[in-house]
Amino acid sequence: MDRRAVAVLFGGRSSEHSISSATAGGVLKAIDRDRYRVIPVGITRDGAFVLEQDDPDKFALDAARLPEVVDNGTRVRWPDSARSRELRVVDADGERSLGEVDVVFPILHGRYGEDGTIQGMLELLGLPYVGAGVLMSAIGMDKHATKSLLKASGIPVVPWVTVTAEGMRSAADLWQRRIRALGLPVFVKPARAGSSVGVSKVSEWDELPAALEVAFAEDETVLVEQAVSGREIECGVLPGVGGGAPRVSVAGEIVVTGREFYDFDAKYRDAAGVELVCPADLREGELAEMQRIAARAFEALGGEGLARVDFFYTGAEFFVNEVNTMPGFTPISMFPTCWIASGLSYPQLIDELIESARAR
C-alpha cells in the first residue's frame, strides 16, 4: 500500500513555540508509519520553515527543558501554485524534492499558526490540512470573539471586560471602574494566547496593574474575567460522521490543590499541586448536559476539525471558558486523554484527523 505523505508542521513564532514542538513529538511517536510517510517541517521562532529530524525523542516534553525548533540552515519550499503539492528543501547539498504532500498537520499553538494565518496559506496553495478552517481558527484564537459569539448563541459564559492597551492609556479611570464592577477575584488574560501564557489571578485591586502589564506583553487586547468558584472540566469534540451531530468525549477534570490556578508550569513543567482526572466524576445527567453544551459551542464557532471545550462547573451550571481549535496534543494532554478514555486510541485519533482532512 502506498503511504500517504503527511507534513507535520510545528514550532512557530508564538510564545507557545515549545508546546507546539512537544505536541509534535507526541504525534511523531504515535503516527502509524505503515500508513504515513512523515515530513517534519519545523518553524523557527523567527518564522523560517526548516526540515527537521524525524526524531520524537528530540521534542519530548521534559520538565527541565522545553523543546524548540532551531535554525539548521535548511529551507523548506512550499508549492509555487495550487497546481502542485510538491515540497522541496534547500540545504548545503543544493535543492531536492521531498515529494508530494497529501495532508498537512499544522500542530501550531497561539498566534501565527492557530489563528487562521497558516490555514489561509494552505488554502491559497490548495493543500488539505488537519483542523479548523480560517474563520473558526481566527475566532477560536480570540477570547473576546469566542465569548461574544457564544453569548450571542445563548451559551453560558463568565462575565468579562475587554480592554486595549490604548484604552488603558487614554481612559484608565473608565476602564478601572468597568473592571472593578466584576468584583474580586478576577483573572487577567491576553486575548490571543494559550497555555496560560500571560495569565494572572488578581485577588486584590492593587495587583491589577502588574497583571495587566504581564498580559499586555503578550497582546494589545486583554480580557478581565470574573472568577467562578467551581470545578474545571474539559472535553474533546470531533465533527459528526456523515453530517451527524458532533461527537463529544467523556469529561476530564483539573483538580488544583496547591496552586492559584492551572498555570503554564503545572501544564508543562509537571509542577506540584495539580491533578488531571479522567474520566471526571460526573453524574449521567451532568455529563450529558456538558456534552450538549460542548457540541453547541463547537457548532457555534464553525464545527470543523477538532476542539477542546473548557468549562467552569458550579454544580448548577456549566460556563464555557474557552474553545481551543488546536488543543495541546502531548501524550499527557487532556484532549487525547479524554478520547483515549472514550475508547479512541492516540494513533486512531491521529488517523481520524488525517483522513477527515483528506475527505474534507
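- Per an unreviewed UniProt entry, the recorded name for the chain is D-alanine--D-alanine ligase, and the organism is Microbacterium awajiense.
- Recorded in UniProt under Catalytic activity (unreviewed entry), the annotation for the chain is "2 D-alanine + ATP = D-alanyl-D-alanine + ADP + phosphate + H(+)".
- If you open the UniProt record of the chain and go to Pathway (unreviewed entry), you find "Cell wall biogenesis; peptidoglycan biosynthesis."

What about the pairing of strand β11 (residues 221-226)?
Turning to step 1, where the next piece is worked out: Within β11, five of the six residues are buried, leaving the element largely enclosed by the surrounding structure.
Turning to step 2, where the next piece is worked out: Of the strand pairs in this sheet, strand β8 (residues 160-164) and β11 are connected by five bridges, and their pairing is antiparallel. The residue of β11 that forms the bridge with T162 is L223.
Turning to step 3, where the next piece is worked out: Relative to β11, strand β9 (residues 186-190) runs antiparallel, the two sharing five bridges. Across the sheet, the residue bridging to V186 is Q226, located in β11.

As for the sheet that holds strand β3 (residues 49-51)
Strand-to-strand pairing in sheets goes through backbone hydrogen bonds, with the strands running parallel or antiparallel.
Turning to step 1, where the next piece is worked out: Strand order in the open sheet made by the four strands is β3-β2-β1-β7, with mixed pairing throughout. Each of the sheet's edge strands pairs with one partner strand only, and the pair in question is β3 and β7 (103-107). Averaged over neighbouring strand pairs, the angle between their axes works out to 30° when direction is ignored.
Turning to step 2, where the next piece is worked out: As paired strands, strand β1 (residues 4-11) and strand β2 (residues 36-43) are joined by eight bridges and run parallel to one another. The partner of L9 across the bridge, within β2, is V41.
Turning to step 3, where the next piece is worked out: Its contacts with the sheet place helix α1 (residues 17-30) against β1, β2 and β7, and it is angled at close to 155° to β1.

With respect to helix α9 (residues 284-301)
Each α-helix turn comprises 3.6 residues. Residues three or four places apart therefore point the same way.
Turning to step 1, where the next piece is worked out: When the terminal C-alpha atoms of α9 are compared, their 26 Å separation across 18 residues agrees well with the 26 Å that a helix rising 1.5 Å per residue should span.
Turning to step 2, where the next piece is worked out: Listing the buried residues of α9 in full gives E286, M290, I293, A294, A295, A297, F298 and L301.
Turning to step 3, where the next piece is worked out: Residues of α9 that are buried in the fold lie against α3 (134-141), α4 (143-152), β12 (231-238), β13 (247-248), β16 (307-313) and β17 (318-324).
Turning to step 4, where the next piece is worked out: Phi for G302, located one or two positions after α9, is positive at around 140°.

Concerning the layout of surface pockets
Turning to step 1, where the next piece is worked out: There is about 280 Å³ of room inside the second largest pocket.
Turning to step 2, where the next piece is worked out: Surrounding the second largest pocket, 20 residues form its lining, L238, P239, G240, G303 and G305 being those nearest its centre.
Turning to step 3, where the next piece is worked out: Secondary structure elements with two or more residues in the lining of the second largest pocket: α9 and α11 (346-359).
Turning to step 4, where the next piece is worked out: The element that contributes the greatest number of residues to the lining of the second largest pocket is α11, accounting for four residues.
Turning to step 5, where the next piece is worked out: Considered class by class, the residues forming the lining of the second largest pocket number nine nonpolar, seven polar and four charged.

Let's talk about α1
Turning to step 1, where the next piece is worked out: Under the 1.5 Å per step criterion, the end-to-end length of α1 is 20 Å for 14 residues, consistent within 8% with the ideal 20 Å.
Turning to step 2, where the next piece is worked out: Burial analysis of α1 places 13 of its 14 residues in the buried class, which makes it a mostly covered element.

Looking at the packing of aromatic side chains
Turning to step 1, where the next piece is worked out: Under the definition given, this model contains seven aromatic pairs.
Turning to step 2, where the next piece is worked out: Plain terms: the ring middles of F105 and F329 are 6.3 Å apart, the flat faces sit at 85° to each other, and that makes the pair edge-to-face. Placement of the pair is F105 in strand β7 and F329 in the loop between β17 and α10 (334-341), with a sequence separation of 224 residues. By the burial criterion, F105 is buried, and F329 matches it.
Turning to step 3, where the next piece is worked out: Here the aromatic rings of F311 and F318 are separated by 5.6 Å at their centres, their planes lie at 75°, and the arrangement is edge-to-face.
Turning to step 4, where the next piece is worked out: The buried category is assigned to F311, whose relative accessible area is 1%.
Turning to step 5, where the next piece is worked out: Members of the aromatic cluster, joined through ring pairs, are F105, F329, F335 and Y346.
Turning to step 6, where the next piece is worked out: Over the ring of Y112 we find R13, and its NZ or CZ is 4.1 Å from the ring centre.
Turning to step 7, where the next piece is worked out: Lying over the aromatic face of W175, R178 brings its terminal NZ or CZ to 4.6 Å of the ring centre.

What about the packing of α1 against α11?
To describe two helices that pack against each other, one gives the angle between their axes and the distance between the axes.
Turning to step 1, where the next piece is worked out: Between α1 and α11, whose axes approach to 9 Å, the crossing angle comes to 95°. It follows that α1 is roughly perpendicular to α11 by the angle criterion. Contacts between α1 and α11 involve T23, G26, V27 and A30 from the former and Y346, P347 and I350 from the latter.
Turning to step 2, where the next piece is worked out: Broken down by class, the residue content of the contact of α1 with α11 amounts to five nonpolar, two polar and no charged.

Things to note about the pattern of salt bridges
When the charged atoms of two side chains lie near each other, side chains of opposite charge can form a pair.
Turning to step 1, where the next piece is worked out: Taken as a whole and judged by the stated rule, the model has 24 salt bridges.
Turning to step 2, where the next piece is worked out: The closest approach of N and O atoms between E225 and K147, which form a salt bridge, is 3.3 Å. Here E225, found in strand β11, pairs with K147, found in helix α4; they are 78 residues apart in sequence, far enough to count as distant.
Turning to step 3, where the next piece is worked out: Take E225: its relative accessible area is 3%, and that puts it in the buried class.
Turning to step 4, where the next piece is worked out: A relative accessible area of 1% places K147 in the buried class.
Turning to step 5, where the next piece is worked out: R247 is the partner of E352 in a salt bridge, and the nearest nitrogen-oxygen pair spans 2.3 Å. Pair noted here: E352 is in helix α11 and R247 is in strand β13, with a separation of 105 residues, a long-range link.
Turning to step 6, where the next piece is worked out: Residue class for R247 comes out partly exposed when judged on its relative accessible area of 28%.
Turning to step 7, where the next piece is worked out: Connected via shared salt-bridge partners are R4, R35, D351, E355 and R358.

Rules used in this analysis
- Residues numbered from 1 in each chain as written.
- Predicted model: local features only at pLDDT ≥ 70, side-chain atom pairs only at ≥ 80, totals over all residues.
- Heavy atoms only, no water.
- UniProt positions renumbered as here; feature names shortened; annotations may be inferred.
- Buried < 20%, exposed > 50% of the residue type's maximum accessible area, 1.4 Å probe, protein only.
- Helix = DSSP H or I, 4+ residues; strand = E, 2+ residues; numbered from the N terminus.
- Pairing = 2+ DSSP bridges.
- Axes fitted to C-alpha atoms, helices over the stretch in contact; angles between N-to-C directions.
- Contact = heavy atoms within 4.5 Å.
- Expected span 1.5 Å × (residues − 1).
- 1 Å grid on protein atoms, 1.4 Å probe; cavity = no way out; pocket = protein on both sides within 12 Å on 5 of 7 lines; lining within 4 Å.
- Points joined across faces, edges and corners; volume = space filled by probe spheres on them.
- Nonpolar A, V, L, I, M, F, W, Y, C, P; charged D, E, K, R; others polar.
- Phe/Tyr/Trp six-rings, centres within 6.5 Å; stacked < 30°, edge-to-face > 60°.
- Lys NZ or Arg CZ within 6 Å of the ring centre and 35° of its normal.
- Parallel < 35°, antiparallel > 145°, perpendicular 65-115°, else oblique.
- Salt bridge = Lys/Arg side-chain N within 4 Å of Asp/Glu carboxyl O.

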